[in-house]
Amino acid sequence: MSAAIACRDLCLRAGAREFVSRLSFEVGAGERWAVLGPNGAGKTTLLLALAGVRRADAGRVELAGRAIGEWRIDALAQRRALVTDRWIDPFASTALDTVLTARYRYDGADAEGERLAREALVAFDCAELAARDVRTLSRGERQRVAIATAIAQATPLVLLDEPIAHQDPRHQALVLARLAQLADRTLIASMHDVNAAAAFATHALLLSGRGAWRAGPACETLRAELLSELFATRIEVVRLDGRSLFYVADMH
Amino acid sequence: MPSRAPRSPVVLLALAAAAAGGLVAALLVGSVDAPAADVLGALAGGRTSPLATVVLDLRLPRALAAFAVGGLLALAGAILQALLRNPLADPYVLGISGGAAVAALAALAAGAGVAAMQAASAAGALATLALLFVLARRALFTRDALHGESSTTGVLLTGVMVAAFAAAILSLALTLATDAQLRTMVFWLLGDLAGATDLRLALVALALLALGLAVALRLARALNLMLRGDVLAFTQGVDVERTRRALVLVAAIATGAAVTLAGAVGFVGFVAPHLVRLVLGNDQRVLLPGAALAGGLLVVVADTAARTVASPVQLPVGVLTALIGVPAFLWLLRRA
């Protein structure tokens, strides 16, 4: 059984700078990965490479055992969805119609589309926004519509670029909980909040931005000393009610 | 997909009816009065009177050519505005029309006849577009361009530079032209349908418009998704590069055909899509046919006015498209 998605000696460069060097890791079906790293470490670029949007500068990305560049575009659309935080709303469109863009490949013959779209809107607390013009939504609301769009694409793999960046505390918890409830999906999400990552992820990938990386189960990667080194700031951990809570020591 | 606004079919039907009305009016109005019954008789096949000759040999080809030119330019403008995600894009801004005009005037200066000038302008439009492709190829056609948000700006800037260069050459040509050439040149630069008396050419242009519109409509859903971002469209299954290539080709052929037929009728490619967008929104499935109808109507009306208001003097149709289009555009913009 091949991994849901895997990197083999993947290198990503921007000009002369190689921010991902010989990255190799495998994501098994149903796993939830958090990608952490300082600003500019290349988290977004890595997600684009995993989505098959950006080419690898060396090495490769394999989706279900096949190099991602060999996949047909419409076949890829059935296997992975991507949530970016750079949405563009060029014309008036309701949130429901926006979510339905995820059903492009069904070309009208899509009996399930509207049901899936409405379910996704409900799951991410957007039910009341369904008839609203997306251009009138707040950033947080629009981001939840973007997440619902990716979920309605009904792909086994979902890539999310900072899915809780614009969410208030209640919706941070809600979004991560609803994502985690999608048991049949493999999820890879970049995020900055270490506690959110610890609550959400089964595995984590730490990217330094200078080529170094570490990938593995959350219990082995989300550790105070590794995170302190990663973010070049003192991060400590306290135990509370049986849970680990991280905090930035320099901030307190 | 975005659903159509309920009023879209109504507005499209109204536009089609207005376009048909404009065409009929173009047949009736002119320096020779033509009663509606006689015009209908002439259309029904009776080449029995001098009037029938005027209507069939002069007004009908010219009206159909005007509609085709307007529709082609508006279709090209709508496609370019969507592809570049910029409301300022149109065949003129991108220098395609300028390149066509330069080639046509070069042919004129070399003493070529009408047919050679038309061939030269078509070649000029395609050559300019090829140049634009080469200069902006990276921005348009590589997969890595998917995540370059600024790439469309690069294409637009390249086009603006090409247009400025063409304008400089045209000014130079005008300065150096003899008095005899000058009048032809000015008319041609502003757009002129007086020479469009060949019914076959008009029908070819109409067929090109129908074909271009059919191709564009097939890609309209994909274009809608691309407007929301190329990366997202790609991940949702749109072959962004192929769609973009096909649409650029449609826009180029449409512009080339329009400029070949009527010279540089400006402004239609810019304003017709805008007028329709202000009323119907930016859903390409509605916008593309709407813009083609509105553009055709605008040029038919403008050309009918151009050959009648100051009769027997014929005004350049390009001046009238702007004189009619600008107030209409500003009025709609204020209402929106």
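As the structure is a computational prediction, the values presented were derived from the model and not from experiment.

What counts, and at which threshold
- For every chain, the first residue of its written sequence is number 1, and the numbers climb from 1 along that sequence.
- Chain letters and ligand numbers both follow the written order, the letters beginning at A and the numbers at 1.
- Two thresholds apply to this predicted model, a pLDDT of at least 70 for residue-level local features and 80 or more for giving and counting side-chain atom pairs, whereas whole-chain, interface and lining totals are computed over all residues.
- Each helix is a run of DSSP H or I of at least 4 residues and each strand a run of E of at least 2, with the numbering of both proceeding from the N terminus.
- Here the radius of gyration uses the C-alpha set of atoms, whereas the globule reference equals 2.2 Å times the residue count to the power 0.38.
- As a rule, residues whose C-beta atom has 12 or fewer other C-beta atoms within 10 Å are exposed, those with 20 or more are buried, and those in between are partly exposed; C-beta atoms are placed from the backbone.
- Here the contact rule is simple: place C-beta atoms from the backbone, and any two residues whose C-beta atoms are within 7 Å are in contact.
- DSSP bridges decide pairing: two strands pair if at least two such bridges lie between them.
- Angular values range over 0 to 180 degrees, each being the angle between N-to-C directions of two axes fitted as lines to C-alpha atoms, with helices fitted over their stretch in contact.
- A set of buried residues drawn from Ala, Val, Leu, Ile, Met, Phe, Trp, Tyr and Cys, joined through C-beta atoms within 7 Å, is what defines a nonpolar core.
- The start and end points of each domain follow an automatic or database-based domain assignment.
- As a per-residue quantity, pLDDT reports the predictor's confidence and falls between 0 and 100.
- Asp, Glu, Lys and Arg are counted as charged, while Ala, Val, Leu, Ile, Met, Phe, Trp, Tyr, Cys and Pro are counted as nonpolar; the rest, among them Gly, fall into the polar class.
- Under this scheme an angle from 65 to 115 degrees is roughly perpendicular, one under 35 degrees roughly parallel, and one over 145 degrees roughly antiparallel; angles in between are oblique.
- Should the near helix be turned anticlockwise from the far one by less than a right angle, the crossing is termed left-handed; should it be turned clockwise, right-handed.
- To estimate the expected span of a helix, count its residues, drop one, and scale the result by 1.5 Å.

Got a sec to walk through the overall build of chain B? Specific residues and values, please.
Looking only at helices and strands, one finds 15 helices and 0 strands in chain B. The C-alpha atoms of chain B give 20 Å as radius of gyration, which agrees with the globular expectation for 336 residues (20 Å, within 12%). Taken over the C-alpha atoms alone, chain B extends approximately 65 × 55 × 35 Å along its principal axes. Across the 336 residues that make up chain B, the buried fraction comes to 53%. Sequence separation of at least 24 residues holds for 75% of the intrachain contacts in chain B that already meet a minimum separation of 6.

An account of the overall build of chain A is requested, with residue identities and associated values reported.
Check the secondary structure of chain A and you find 9 helices and 12 strands. For a compact globule of 252 residues, the expected C-alpha radius of gyration is about 18 Å, and chain A comes in at 18 Å, within 12% of that figure. Dimensions of chain A along its principal axes, counting C-alpha atoms only, are 50 × 45 × 35 Å. Counting across all 252 residues of chain A, residues that qualify as buried make up 42%.

Explain the sheet that holds strand β1 (residues 5–14) of chain A residue by residue, including any values.
All names here are of chain A. Strand order in the open sheet made by the 4 strands is β2-β1-β4-β5, with antiparallel pairing throughout. The outermost strands of the open sheet, each flanked by one partner alone, are β2 (17–27) and β5 (66–67). Of the pairings in the sheet, the one linking β1 to strand β4 (residues 58–63) comprises 5 bridges and is antiparallel in character. Note on β4: the bridge partner recorded for isoleucine 5 is leucine 63. The strands touched by helix α1 (residues 43–50) within the sheet are β1, β2 and β4, with β1 carrying the most contacts at an inclination of about 130°.

How would you explain the nonpolar core if you had to name every residue and give the values?
Membership of the largest hydrophobic core comes to 191 residues, with the highest contact counts inside it found for Val99 and Ala148 of chain A together with Ala65, Val69, Leu72, Leu75 and Ile79 of chain B. Here this core takes 19 residues from helix α3 (residues 50–83) of chain B, the largest share from any one element. Two domains share this core, each providing at least three of its residues, namely domain 1 (5–221) and domain 2 (222–252) of chain A. Those residues within four positions of isoleucine 79 of chain B in sequence are excluded, and the remaining contacts are Ala216, Leu247, Val250 and Ala251 of chain B.

Hey, could you go over the confidence of the model for chain B for me, with residue numbers and the actual values?
Residues and elements named next belong to chain B. For chain B, the mean per-residue pLDDT works out to 83, and 91% of the residues sit at or above 70. Ranking the helices and strands of chain B by mean pLDDT puts helix α9 (residues 199–218) first, with 95, and helix α6 (residues 137–141) last, with 54. Counting interchain partners and residues more than four positions distant, the pLDDT-below-50 stretch residues 141–145 has 10 contacts. For this predicted complex, the interface confidence reaches an ipTM of 0.92, while the overall pTM sits at 0.87.

Please give an account of the interface of chain A and chain B that cites residues and values.
The interface of chain A with chain B comprises 25 residues on the first partner and 24 residues on the second. Elements with a contribution of two residues or more to the side of chain A that touches chain B: α2 (73–79), β6 (80–83) and α3 (95–100) of chain A. No other element matches α2 of chain A, which puts 3 residues into the side of chain A that touches chain B. Its residues assigned to classes, the side of chain A that touches chain B comprises 15 nonpolar, 4 polar and 6 charged.

Now, about the packing of helix α13 (residues 268–280) of chain B against helix α15 (residues 317–335) of chain B: what can you tell me, with residues and values included?
Residue and element names in this part refer to chain B. Two elements in contact, α13 and α15, have axes whose closest approach is 10 Å; the angle formed by their N-to-C orientations is 30°. When the axes of α13 and α15 are compared, the pair comes out roughly parallel. Of the two elements, α13 crosses α15, and the hand of that crossing is left-handed. On the side of α13, the interface is formed by Val268, Val271, His274, Leu275 and Leu278, while α15 contributes Thr321, Gly325, Ala328, Phe329, Leu332 and Leu333. Tallied by class, residues from the contact of α13 with α15 come to 8 nonpolar, 3 polar and no charged.

Which residues make up the packing of helix α1 (residues 8–28) of chain B against α3 of chain B, and what values go with them?
Between two packed helices, both the angle of their axes relative to each other and the distance between the axes serve to describe the pair. Residue and element names in this part refer to chain B. Contact pair α1 / α3: the axes reach a minimum separation of 9 Å and the direction vectors enclose 150°. Looking at the two axes, α1 sits roughly antiparallel to α3. Taken as a pair, α1 and α3 cross one another with a handedness that is right-handed. For the pair α1 and α3, contact is made by Ala19, Leu23, Ala26 and Leu27 and by Val55, Arg59, Leu60, Ala63 and Phe67, respectively. Taken together, the residues of the contact of α1 with α3 break down into 8 nonpolar, no polar and 1 charged.

Give me the lowdown on the domain arrangement of chain A, citing residues and values where you can.
Residues and elements named next belong to chain A. Examined at the domain level, chain A breaks down into domain 1 (5–221) and domain 2 (222–252). One C-alpha centre belongs to domain 1, the other to domain 2; they are set 25 Å apart. The interface of domain 1 with domain 2 comprises 13 residues on the first partner and 10 residues on the second. Elements represented by at least two residues in the side of domain 1 that touches domain 2 include exactly α7 (194–200), β9 (203–207) and α8 (218–221). The greatest single-element share of the side of domain 1 that touches domain 2, amounting to 4 residues, is contributed by α7. Residues belonging to the side of domain 1 that touches domain 2 are distributed by class as follows: 8 nonpolar, 4 polar and 1 charged.

Before we move on, can you summarise the sheet that holds strand β8 (residues 186–190) of chain A with the specific residues and values?
Backbone hydrogen bonds are what pair the strands of a sheet, in a parallel or an antiparallel way. Residue and element names in this part refer to chain A. What the 6 strands build is an open sheet, ordered β6-β7-β8-β3-β9-β10; its pairing is mixed. Both edges of this open sheet fall to β6 and β10 (213–217), since each of them pairs with a single strand only. Across the sheet, the axes of successive neighbouring strands diverge by a mean angle of 15°, strand direction being ignored. Relative to β9, strand β3 (residues 32–36) runs parallel, the two sharing 4 bridges. Bridged to tryptophan 33 within β9 is histidine 203.

Go over α15 of chain B with me, naming the residues and quoting the values.
Because an α-helix completes one turn every 3.6 residues, residues spaced three or four positions apart along the sequence face the same direction. Over its 19 residues, α15 of chain B extends 27 Å from the first C-alpha to the last, a length consistent with the 27 Å expected when each residue adds 1.5 Å. Where α15 of chain B is concerned, the buried positions are Val317, Gly318, Leu320, Thr321, Ala322 and Gly325 of chain B.

With reference to specific residues and values, describe unusual backbone geometry.
Residues and elements named next belong to chain A. At arginine 22, a residue that is not glycine, the phi angle is positive and equals roughly 45°. In this fold, arginine 22 is placed in strand β2. Judged by local crowding, arginine 22 falls into the partly exposed class, with 14 C-beta atoms found within 10 Å. At alanine 64, a position not held by glycine, the phi torsion is positive, near 50°.

Break down the pairing of β3 of chain A for me, with residues and values.
Residue and element names in this part refer to chain A. Most of β3 is tucked away, with 5 of its 5 residues classed as buried. In β3, alternate side chains face the same way, and those of Arg32, Ala34 and Leu36 on one face and Trp33 and Val35 on the other are all buried. As judged from the 4 bridges shared by β3 and β8, these two strands associate in the parallel manner. For alanine 34, the partnering residue across the bridge sits in β8 and is alanine 189.

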